[in-house]
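Analysis of the macromolecular model
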Number of protein chains: 2
Amino acid sequence: MNEFQRRTGEINDLLCVLNLLNWDARTQMPPGGVKTRGQQMATVTALALERLLAPEYAASARALLRGAPDDRAAAQALEATSALGRVPEQLNRDLAVLRSEAQEAWVQAKAASNFALFAPYLRRMVNLNRQLADALGYQDHPYDALLNLYEPGLTSAGLRGLFAPLREHHVGLLREVMARPAPRSDFLRRPYPVQGQKAYCLKAAQRFGYDLERGRLDVSAHPFEISFTRQDVRITTRFQENFLNGALFGTLHETGHALYEQGIDPAYTRSVFASDLTGLYAVGGTSYGTHESQSRLWENRIGRSRAYWEAHFGDLQAQFPEQLADVNAQDFYRAVNEVRPSLIRVEADELTYDLHIMLRVDIERDLIAGELDVDDLPEVWNGRIQQDLGLSVPDDARGVLQDIHWSTGLIGSFPTYTVGNVMASQFYEAARRELPELESQLEQADYRPLLDWLTRHIYHHGRSRSAHELLMDATGRSLDPQPYLTYLSGKYREVYGLPG
Amino acid sequence: MNEFQRRTGEINDLLCVLNLLNWDARTQMPPGGVKTRGQQMATVTALALERLLAPEYAASARALLRGAPDDRAAAQALEATSALGRVPEQLNRDLAVLRSEAQEAWVQAKAASNFALFAPYLRRMVNLNRQLADALGYQDHPYDALLNLYEPGLTSAGLRGLFAPLREHHVGLLREVMARPAPRSDFLRRPYPVQGQKAYCLKAAQRFGYDLERGRLDVSAHPFEISFTRQDVRITTRFQENFLNGALFGTLHETGHALYEQGIDPAYTRSVFASDLTGLYAVGGTSYGTHESQSRLWENRIGRSRAYWEAHFGDLQAQFPEQLADVNAQDFYRAVNEVRPSLIRVEADELTYDLHIMLRVDIERDLIAGELDVDDLPEVWNGRIQQDLGLSVPDDARGVLQDIHWSTGLIGSFPTYTVGNVMASQFYEAARRELPELESQLEQADYRPLLDWLTRHIYHHGRSRSAHELLMDATGRSLDPQPYLTYLSGKYREVYGLPG
């Protein structure tokens, strides 16, 4: 192990430790722990940053590159330390302080459903993120610098090209769908005892290939996946006694993230290819969008498919015989694909979900560009929800205050949800082309060939290839909305009996 | 916050993080995580040590002392960094490597019940600990340097003076007790469903004052208490379906440790008074013996007292009505105080427990002094168990290989178990003198006055006072076996109906 690898390993350990502090705080920590946990996380973060910015670290990477100019790990490390080095220390400190204040303010503003309480914090957050964009640098639009933190290579211009056809398609299809009668879905809201839900969720995760020797399922307020190397990849979900979908599809979603992390080449453990060094985050997936493509693929392409429910409705019915006595696989498949415009993003169906994202992206971009004033947000938000979904927003809590993202400093991450949807369909279509038996394997609930294909083309590579490279290698095309549009259209036309 | 406090806080954070990595590994981590967790712990340990030994840290302490020569925190920090600084880096590295190798060898040797497999590792461990003693320095006996790590101020000579009367007393009383019929205790080994045990244990811990807002109870192979500041103090236990005592008294024991940590002055959070800097361990209790005095006090003085079972047998019977139908409070009290010489230390009753400890202490001390050869250990061990307890050791697994301590590098910690027993009785007697209502409060299951007294005299002070100072302040005497002998004698004479 050379000097560069030794230092990288140490930084990686610290980022994994940070993930554990985070996981524990969200799943196990007693309430009193909150008083001192934040300081512990701040100390570990500061140490990781100090290690990353140590001149000896950059020097060790440069020494490697002199001998091997193609060494990608060293190049990526240098790129990250250079980006981090461009951010003034004071800005980092200001952001850290504001993040914790803004989150606190957001919690209170949301509870009071009063955007005015959060507005001053958001204004400062936008200002600091604008400074961050300036420090990091960009060519065309300051938002591009922020996008680059979450989805390297993505730009405002690229997003515009991607979103325009999606928006046109979704709005049109939504109009058609809403003119048809809704499938019945009442049975999803019967009482489902949590013990039974948990047993079923665990079985479902394992069926896809989630390895419990290197993972576990816990409960948290918001479901998430997190890892401390590929050897220990944990997921959480949230159980609701009177609603089956939340825990079930939440688990399938996080399982997709977990399969990615568990599938990374063991040789990359503790390396540059297992950490987002710029984001100070131990994660093996190469970008937010690529990660989301895998959670979406397993949750939606597989978990909401007809084949899946024809194979597995029987197990679910065996787990809940009374609740599902009057339901069959076809009913259930239609129910979990019901389109129902909703005020809340995280409750949205596949068709309206992207519309929620586009609203947020437009707002973020215009805020950063200084083309939209924070005070105007509720009006913009409510108008757009009315226009896109035909719903009146009754209060800020169910409107502009619903998401935690902006209060935590995340500006520029929302687009990756829709990018993930798009990539998921590209990857899935490529797998189908290469695996002629795929459809019949899925009908037989044999997920191994798909998992192996995804592992070979995506998971295995960790962060050693960019999202763009993965797409080009696996599908022959860069980001392309067509397979996604074809998929959505096909599914909803079938579920709602619309003419093809 | 001055430079010294800032640096101390950071070191404290790292030690708390280390505790979390440890807790997680022992209670939550999936098996696969073991591959990378060790490296994460090594990295955090190295960083903590680096921070402690940084010249700037000692300088910041010295700067404080120039202005305030009585600043105890600065003095303690300097003392710790000076001790750590005396240990050669190579010795630290050798110890770290040997610890992990020796533990592995111990696991295998115990499984094969073959001491010869462990002997070479123990020999090296003794050698390195002897080097450690030389590096740390001592006046009379090298064992004193090691004792000082766990129980500052304790010496071989002091131990001899303490153990002689204990040994004489215990052996004599044991002979008398064994001549009497044993109380019935068959009902402790009936089937007790784990759910019910867990509910009861949690209630019992809370009854003593364990604050679940700042704590939680989990399951682990070996019960322990660990904290990440006083805001988050966790305990574990181990449930056996067919044996009630293990989980129940294990929980009361760990609760005692937890009450200590939860009771530390909040002003000491992240300070020198909340960490064993020499031991690189975030703990607020002032010494191993003092800590053990509190676990023993709550487990034995309270949890195995007649008053406790007269107050609480009813709750236990309500939890397990069938299993305890033919038992009353008096039967139960006698059963949990049965004396039964055993091969295994952790299963020993209060009377024979110290004899197990003395055997280990004599061996440790002689090994370190070079007066006993590792190869002779089984013979020495088995002979002494025969002599003290009248038992033949059938194999090494149930003899010299039973404890993990030596394989983890702990040489010199065993005496603190008996020191804890002795201190527990001293503190208890002092509380009784000061609180005239104590006995009747305990009969009414009112534990608050005792907890308040212990908090005021012990817990509150964290590591800002030594064990000796606490004893002198609270009891007016240094370590004194008499109250302990009086207590044991009184209890067993009553349980076994012996003449007083």
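The numbers attached to residues start from 1 for each chain and follow its sequence in the written order. Here the convention is simple: chains get letters from A, ligands get numbers from 1, in the order in which they are written. Confidence filtering applies because this is a predicted model: local features only for residues at pLDDT of at least 70, side-chain atom pairs given and counted only at 80 or more, and all residues used for totals across whole chains, interfaces and linings. Side-chain calculation: all heavy atoms of the structure are included, whereas hydrogens and water are not.

Threshold: UniProt positions are given in the numbering used here, feature names are shortened, and annotations may be inferred rather than shown by experiment.
Looking up chain A in an unreviewed UniProt entry gives the name Metal-dependent carboxypeptidase, with the organism given as Deinococcus cavernae. Per UniProt, the comment on chain A under Function (unreviewed entry) is "Broad specificity carboxypetidase that releases amino acids sequentially from the C-terminus, including neutral, aromatic, polar and basic residues."

1. Section: the UniProt feature "active site" (unreviewed entry) in chain A
All names here are of chain A. The test is simple: Helix and strand labels come from DSSP, where a helix needs a run of H or I of at least four residues and a strand needs a run of E of at least two; each type is numbered from the N terminus. Only protein chains enter the calculation, and the probe is 1.4 Å; a residue is then buried if its accessible area is under 20% of its type maximum, exposed if over 50%, and partly exposed in between. In what follows, residue pairs with any heavy atoms lying within 4.5 Å of each other are defined as contacts.
UniProt's entry tags E254 with the feature "active site" (unreviewed entry), counted in the numbering of this structure. Among the secondary structure elements, E254 is positioned in helix α10 (residues 245-262). Since its relative accessible area comes to 7%, E254 is described here as buried. Excluding residues that lie within four positions of it along the chain, E254 makes contacts with P223, F224, E225, I235 and T236.

2. Quick notes on unusual backbone geometry
All names here are of chain A. Positioned with a positive phi, T229 is a non-glycine residue whose angle comes to about 80 degrees. Among the structural elements, T229 can be located in the loop between β2 (225-227) and β3 (233-237). For A445, which is not glycine, the phi torsion reads 60 degrees and is therefore positive. Relative to the helices and strands, A445 resides in the loop between α17 (438-443) and α18 (448-457). By relative accessible area, which is 26% here, A445 ends up partly exposed.

3. Thoughts on the pattern of salt bridges
Applicable threshold: Each salt bridge in this description consists of a side-chain nitrogen of Lys or Arg and a carboxyl oxygen of Asp or Glu lying within 4 Å of one another.
Under the defined criterion, the tally for this structure stands at 90 salt bridges over all chains. Put simply, D403 of chain A and R345 of chain A hold a salt bridge, and the shortest N to O gap is 3.0 Å. With D403 of chain A in the loop between α15 (377-389) and α16 (415-434) and R345 of chain A in the loop between α13 (329-335) and α14 (350-369), the pair connects residues that are 58 residues apart, well separated along the chain. Of the two residues, D403 of chain A and R345 of chain A, both sit in the buried class. The salt bridge involving R130 of chain B is made with D134 of chain B; its shortest N-O contact spans 3.5 Å. Of this pair, R130 of chain B and D134 of chain B both sit in helix α6 (residues 115-136), four residues apart, which is roughly one turn of that helix. Since its relative accessible area comes to 42%, D134 of chain B is described here as partly exposed. Several salt bridges converge on common partners, so that one network encompasses E10, E50 and R51 of chain A together with E10, E50 and R51 of chain B.

4. What about the UniProt feature "binding site: Zn(2+)" (unreviewed entry) in chain A?
Residues and elements named next belong to chain A. Those places that UniProt annotates as "binding site: Zn(2+)" (unreviewed entry) correspond, in this numbering, to H253, H257 and E292. Annotated residues spanning 40 residues; largest pairwise C-alpha distance 8.7 Å, indicating a single compact cluster. Residue position: H253 is located in helix α10. On the secondary structure map, H257 appears in helix α10. Setting aside chain neighbours within four positions, we find H257 in contact with E225, H291, E292 and S295.

5. Focus on the domain arrangement of chain A
Residues and elements named next belong to chain A. Definition in use: Note that the domain bounds reflect an automated or database-derived domain assignment. Simply put, the buried area is the total loss of 1.4 Å probe accessible area from both parts when two parts are fitted together. Two N or O atoms count as a polar contact when they lie within 3.5 Å, although within protein this holds only if one can serve as hydrogen donor and the other as acceptor, and sequence-adjacent residues are included solely when both atoms are side-chain atoms. Residues were grouped as follows: Ala, Val, Leu, Ile, Met, Phe, Trp, Tyr, Cys and Pro as nonpolar; Asp, Glu, Lys and Arg as charged; and all remaining residues, including Gly, as polar.
When the domains of chain A are assigned, the result is domain 1 (3-86) and domain 2 (156-495). Each of domain 1 and domain 2 was reduced to a C-alpha centroid, and the two centroids are 29 Å apart. With both sides pooled, the region where domain 1 packs onto domain 2 buries about 2200 Å², and carbon together with sulfur makes up 63% of that total. Linking domain 1 to domain 2 there are 10 residue pairs in polar contact (both at pLDDT 80 or more). Contributing elements (two or more residues each) for the side of domain 1 that touches domain 2: α1 (3-27), α2 (34-53) and α4 (72-86). At 16 residues, α1 tops the list of elements feeding residues into the side of domain 1 that touches domain 2. Partitioning the side of domain 1 that touches domain 2 into residue classes produces 15 nonpolar, nine polar and four charged.

6. Here we look at the sheet that holds strand β2 (residues 225-227) of chain B
Residues and elements named next belong to chain B. The line we're drawing: Here a strand pair is declared whenever DSSP counts at least two bridges between the two strands. A fitted line through C-alpha atoms represents every axis, and for helices the fit uses only the stretch in contact; the resulting angles, taken between N-to-C directions, go from 0 to 180 degrees.
With mixed pairing, the three strands of this open sheet are ordered in space as β1-β3-β2. Whereas interior strands pair on both sides, the edge strands pair on one side only; in this sheet they are β1 (215-219) and β2. Averaged over all neighbouring strand pairs, the angle between strand axes comes to 25 degrees, with direction disregarded. Looking at chain direction, β2 and strand β3 (residues 233-237) are connected through three bridges and run antiparallel. Paired with E225 across the bridge in β3 is I235.

7. Quick word on the packing of α1 of chain A against helix α2 (residues 34-53) of chain B
When two helices pack together, their arrangement is given by the angle between the helix axes and by the axis-to-axis distance. For clarity, the cut-off: Should an angle fall under 35 degrees it is called roughly parallel, over 145 degrees roughly antiparallel, and 65 to 115 degrees roughly perpendicular, with every other angle called oblique.
Running from N to C, α1 of chain A and α2 of chain B cross one another at 100 degrees; their axes reach a closest spacing of 9 Å. Classed by the angle they form, the pair α1 of chain A and α2 of chain B counts as roughly perpendicular. Facing E10, D13, L14, C16, V17 and L20 of chain A of α1 of chain A, the residues of α2 of chain B in contact are R37, Q39, Q40, T43, V44 and L47 of chain B. When the residues that make up the contact of α1 of chain A with α2 of chain B are grouped by side-chain class, the tally is six nonpolar, three polar and three charged.

8. Describing the relation of the copies chain A and chain B
Stated precisely, the cut-off is as follows: The atoms used to superpose the copies are C-alpha atoms, taken from residues with pLDDT of at least 70 in both, and the fit is least squares.
Overlaying chain A on chain B yields an RMSD of 0.1 Å, the required transformation being a rotation through 180 degrees with an accompanying axial translation of 0.0 Å. The operation mapping one copy onto its partner corresponds to a two-fold rotation axis. Comparing interface residues between copies, 100% of those in chain A also sit at the interface in chain B, which points to an isologous, same-surface contact.

9. With respect to the sheet that holds β3 of chain A
Residue and element names in this part refer to chain A. One open sheet accounts for three strands, arranged β1-β3-β2; its pairing is mixed. Two strands close off the open sheet at either side, each with one partner strand: β1 (217-219) and β2. Taking the axes of each pair of neighbouring strands and ignoring which way they run, one obtains an average angle of 30 degrees across the sheet. Bridge count for β1 against β3 is three bridges, and the pairing is parallel. Residue pairing for β3: D218 is matched across the bridge by T236.

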